[in-house]
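An overview of the molecular structure
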Amino acid sequence: MTAAGSPLGPVVLIGAGLVGASIGQALTRAGETVHLVDANPAHARVAAERGAGTLTSVAAPHEVGLVIVAVPPRAIAGVVDEALDTYRSAAVTDVGSVKEPVLRELMEHRSLGRYVGSHPMAGSHLPGPLAADPELFVDRTWAITPHPDAEPAAVAAVTRLAELCGARVISLAPDEHDRAVGRVSHLPHLVSAAMAGHLLGVPPEELSLAGQGLRDVTRIAGSDPALWQQIVSANARMLVPELRALTKRLTVVADQLAEPGADVAQWLGDGVAGTRRLPGKHGRAPVDYAEVVVEIPDAPGSLARLFADVDAAGVNVEDIAIEHDPARLVGHLRLSVRPERRAELDRVMTGSGWTVRPA
Ligand SMILES: NC(=O)C1=CN([C@@H]2O[C@H](COP(=O)(O)OP(=O)(O)OC[C@H]3O[C@@H](n4cnc5c(N)ncnc54)[C@H](O)[C@@H]3O)[C@@H](O)[C@H]2O)C=CC1
Ligand SMILES: O=C(O)C(=O)Cc1ccc(O)cc1
């Protein structure tokens, strides 16, 4: 196993899908040797072609420093179990979205000093190695969930893995982790799926009125249902009470609106207060950014020209979003900037010939 700060040693990555291949790319870029293994040989091949590691098998399994298991949740415990037997001095981690059930299953039949669970809090709605991105984890949180018997060297190796991927590490007990991600990741997924599923009953002529708000709320519902079925069922213990509490919150507003002259300002105000509790960029306090919306023609080179003009304005852009106009061949680029910089960006963009729309 590795000491803090030194190379991880040969790494074996089992599961070269979205998360696995992204980790492989980041580690390979950092100079580590990564051996790729996947039940689907095409995934391993694509991941290798995209710079996630090598398809050659490990010559000396006892020299492997770290094994990373990035397979779907249901397969994790079995694969970790086998990896602990095959790679007899390696630290072994998994990147699954739910930690406690995997630990409980493993603890039933073996000692686990070299196993430390972990979970990078970044992903995509697209599965498989074609969607992999070596930058996926940069500045994102990576939870490490050591159990009481975890060896310090194994914890150090997994911490180093997260750091080499550019992530910020936090350490949590497995069930604390599951409660937290149930609230901030799995419940939002179910809410998004509920809203999107509700659209099945909305006629197409009404859907043509949809704006960015509906797209924002339903974006994550487009993720792989086979993966999410496994995630939410593994974390059902934490999710069921949260779902019931959220259902009550919806019932409150339905009951209020059923009364003539209903006042739901307090209920909506709680929503505003909730958004302000989320940490801002890079974990800093949230800032209310101002927005400048610029119309962009759907033509090659437009975005590059636009960004060159934004750059010339000398205004730091904190976030961007692109919306497509459903009726015309234009897009709207929404630039978030600090409020005191909004007027200057508006002035420079208008002066450079761009159409600035009301935000
Ligand atoms: N998709 C996301 O946004 C995130 C997912 N995760 C977790 O990461 C893990 C992987 O998820 P994704 O990369 O999104 O899935 P994916 O479907 O893109 O990749 C999973 C890979 O594992 C392979 N595989 C399946 N069973 C295997 C086995 N028994 N042995 C070897 N390979 C096997 C599949 O062929 C596939 O290439 C899951 O446990 C998930 O909970 C964690 C953070 C984010
Ligand atoms: O849910 C989120 O906020 C994401 O950014 C994507 C994601 C999906 C599944 C995970 O286990 C972790 C992260």
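Predicted model, so just to flag it, every value in this text is computed and none were measured. (Residues numbered from 1 in each chain as written. Chains lettered and ligands numbered in written order. Predicted model: local features only at pLDDT ≥ 70, side-chain atom pairs only at ≥ 80, totals over all residues. Heavy atoms only, no water.)

The domain boundaries assigned to the chain delineate domain 1 (11-172), domain 2 (178-254) and domain 3 (290-357). Between the C-alpha centres of domain 1 and domain 2 the distance comes to 28 Å. Across the domain 1 to domain 2 interface the summed buried area is about 1100 Å²; carbon plus sulfur atoms make up 60%. For the pair domain 1 and domain 2, the number of links is 3 residue pairs in polar contact (both at pLDDT 80 or more). Residues that form the side of domain 1 that touches domain 2 fall into these classes: 6 nonpolar, 3 polar and 3 charged. (Domains from an automatic or database assignment. Buried area = accessible area lost by both parts, 1.4 Å probe. Polar contact = N/O pair within 3.5 Å; in protein donor to acceptor, adjacent residues only side chain to side chain. Nonpolar A, V, L, I, M, F, W, Y, C, P; charged D, E, K, R; others polar.)

Attention shifts here to helix H12 (residues 302-313). Taking 1.5 Å as the rise per residue, H12 with 12 residues should run 16 Å; its terminal C-alpha atoms sit 17 Å apart, in good agreement. As for H12, its buried residues are in contact with strand E8 (290-297), strand E10 (330-337) and helix H13 (342-351). Phi for Gly314, located one or two positions after H12, is positive at around 70°. (Helix = DSSP H or I, 4+ residues; strand = E, 2+ residues; numbered from the N terminus. Expected span 1.5 Å × (residues − 1). Contact = heavy atoms within 4.5 Å.)

If you look at the biggest cluster of nonpolar residues, it comprises 32 residues, and the most contacted ones within it are Ile23, Leu27, Leu66, Ile68 and Trp142. For this core, the elements supplying multiple residues, two or more each, are strand E1 (11-14), helix H1 (18-29), strand E2 (34-37), strand E3 (66-69), strand E6 (141-145) and helix H5 (152-164). With 5 residues, H5 is the single largest residue contributor to this core. Leaving out residues up to four positions away in the same chain, Leu66 has contacts with Leu8, Pro10, Val11, Val12, Ala90, Ala91, Thr93, Ala157, Val158 and Leu161. Ranked by size, the runner-up nonpolar core spans 21 residues in total, among them Ile14, Val58, Ala83 and Leu103. (Core = buried A, V, L, I, M, F, W, Y, C linked by side-chain atoms within 4.5 Å. Buried < 20%, exposed > 50% of the residue type's maximum accessible area, 1.4 Å probe, protein only.)

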